[in-house]
Amino acid sequence: MEEAGKTGLQLLWSLGWIVPWTLMASIGTGMLLPMGNFLTLNFFAQRYTDLPPSEIKCQISTMSPYCQMALVDGNRLLTVLALVMPLCQFLTLPLVGLLSDAYGRKKALFVVFCLSNVALVFADLFIFFNVSFWFVIAWQPFMNTQVCTTVLNAACVDLLRPQDRAAGMGIISALDTIAYVIGLLLGYHLEMKQTYIVATFATLITGFVLVVFFPETLPPEKRSFQLSARNFVPWDSMPILWRTKTLRNLSIVTAIAAFMDSSTNRMMGTYYQRRMNWSAHDAYIFEFFWDMSMILWMTLFFSWIIWFVGEVGAMAFGRLMSTVYTLIAVGLVRPSQAFVNCAICAGPMTFALPAVAGLKSRLVGEEEQGRMQAAISTVFTVSGSIGSLLGGFMFEKLGNVDENGQFSRIFELGQAMVVVNLVGAFLSAFLFYDLFQRTRHFIGKPSSLEDGQSTRVAEEMSPEDSTYGSMSQHQ
């Protein structure tokens, strides 16, 4: 007799200390992430004014001439980072997945958590001692929150049954966002220096909790993977993504979604700053509405959508709402309008990653979960970086000043964002239909396998993928 999926409280109980640790880490992220762009503006604005660095405050308003010029430099920096990021993440993420499969999740998470917070140390030095911000810029492409998320996803998969993984990650994402909103509210009411002081202490406490309380979800007896010199070649674990047609098409859909969303988001932030007076407070409020939308959709609707139409149906719905969001956003002229738009549409736009992670975890065995989650993150990050590169190029051509010093082509930039989203949605529709046919046997029912067994047999239910069980390159 098939066992129904667990309730939200049961899923949280199953995840144990992963939940409070993730919440603690997200509070610091919520305080810092919206402020990061404005920190970059303050750094570049030093070129265009004789004011002391302590008096440059683009986080209060971007309408000052030196802040407006810094926006141009910031856009060019993001374009360069979009070129560098795919290579950096391609080198980092697969290796992190291999390490977590070979040595356990806790050890891998501790290493990447420490390394990812090196950027926070350099940011503190810039704020309090005006040490060059280039140190932060150079470090972030290699180590950032995405690297930690990769290990966390694998740890969640270790603890949850196949039928509960997408819903479990969705609930974790929602609670994680609640903590992020708490961080946003703290950052909103603190000055920049106060924000970084509090966030630095919160990071130290989070590291202590990781060492003392965080569980090892992959015990030694389940680490069948042995690390070798060959595994340090970045592309060694990537063939897992196209091992079957289902995995291949799912990887393509993930790449398209990341490409479209990153190209749009890359342009949208600066588009708002051009179209309206968009301050740091507006950025905090926007993030608040975005996250509240995600919390509501993830906690109230995501698990039901997964149950009735599956992970693929949830991804398709999110893709549709992303297109609707962009169509509306390009015509807005006031921050309040942007807040309402994201409050309605943002939640479904976040369905893709937990749905993809949950579905792919059901298509490989437990001994490959770290590599699979790392491979997913690599596709998502690399494709997103390429999309960000396109967005930066389009903004450079359409969103920059013309020969008369005016932003005369800003409406063409909005039209370009619409075109990118419509083309991506059209391409995704065919893949979603194919994936729905291939994975419909997962909808509304758990895997027929017992807990602890490989879920590869489920994939073998598809005649076209009948060779799946014999193709693991690491066995």
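The rules behind each value
- Residues numbered from 1 in each chain as written.
- Predicted model: local features only at pLDDT ≥ 70, side-chain atom pairs only at ≥ 80, totals over all residues.
- Heavy atoms only, no water.
- UniProt positions renumbered as here; feature names shortened; annotations may be inferred.
- pLDDT = per-residue confidence, 0-100.
- Helix = DSSP H or I, 4+ residues; strand = E, 2+ residues; numbered from the N terminus.
- Disulfide = S-S within 2.5 Å.
- Buried < 20%, exposed > 50% of the residue type's maximum accessible area, 1.4 Å probe, protein only.
- Contact = heavy atoms within 4.5 Å.
- Core = buried A, V, L, I, M, F, W, Y, C linked by side-chain atoms within 4.5 Å.
- Expected span 1.5 Å × (residues − 1).
- Bend = angle between axes of the 7 residues up to and from the residue.

The name given to the chain in an unreviewed UniProt entry is Major facilitator superfamily (MFS) profile domain-containing protein, with the source organism recorded as Durusdinium trenchii. Of the comments in the UniProt record for the chain, the one headed Subcellular location (unreviewed entry) reads "Membrane".

J.: Got a minute to help me understand the confidence of the model for the chain in this structure?
T.: If pLDDT is low for a region, its predicted coordinates should not be looked at in detail. Across the chain, the average pLDDT comes to 78, with 84% of residues at 70 or higher. Mean pLDDT per element in the chain: helix 16 (residues 456-459) is the minimum at 35, and helix 5 (residues 118-129) is the maximum at 93.

J.: Help me out: how do you make sense of the state of the cysteines in this one?
T.: Put plainly, two cysteines are in a disulfide when a covalent bond ties their sulfur atoms together. Using the criterion set out here, one finds 1 disulfide in the structure. A sulfur-sulfur separation of 2.0 Å characterises the disulfide bridge that pairs Cys58 with Cys67. Residues Cys58 and Cys67 are joined through a disulfide that is left-handed, its torsion about the S-S bond being -95 degrees. Since its relative accessible area comes to 0%, Cys58 is described here as buried. With relative accessibility at 1%, the residue Cys67 sits in the buried group. With no disulfide of its own, Cys342 has Cys345 as its nearest cysteine by sulfur position, at a separation of 8.7 Å.

J.: Where do I start with the side chain of Thr195 in this structure?
T.: Relative to the assigned elements, Thr195 resides in helix 9 (residues 192-212). Look at Thr195 and you get buried, because its relative accessible area is 0%. If we ignore the near neighbours within four places in the chain, the residues touching Thr195 are Met31, Leu32, Gly187 and Leu190.

J.: Any chance you could explain the nonpolar core here in plain terms?
T.: General note: in soluble globular proteins, nonpolar side chains tend to be found buried as a group. The biggest cluster of nonpolar side chains holds 60 residues, and the ones touching the most others in it are Leu39, Tyr196, Tyr272, Trp278, Phe286 and Tyr325. A total of 9 residues in this core trace back to one element, the largest contributor, which is helix 2 (residues 18-45). Leaving out residues up to four positions away in the same chain, Tyr272 has contacts with Trp278, Phe286, Tyr325, Ala329, Leu332 and Ala338. With 31 residues, the next largest nonpolar core counts Leu247, Val253, Val356 and Met372 among its residues.

J.: Help me understand helix 12 (residues 335-349), please; the structure alone is not making it clear to me.
T.: Structural remark: α-helix, 3.6 residues per turn; residues separated by three or four positions point the same way. Its 15 residues give helix 12 an end-to-end C-alpha distance of 20 Å, which sits within 8% of 21 Å, the value for a rise of 1.5 Å per residue. At Ala343, helix 12 shows its strongest bend, of approximately 40 degrees. Taken together, the buried positions of helix 12 are Pro335, Ala338, Phe339, Asn341, Cys342, Cys345, Ala346, Gly347, Pro348 and Met349.

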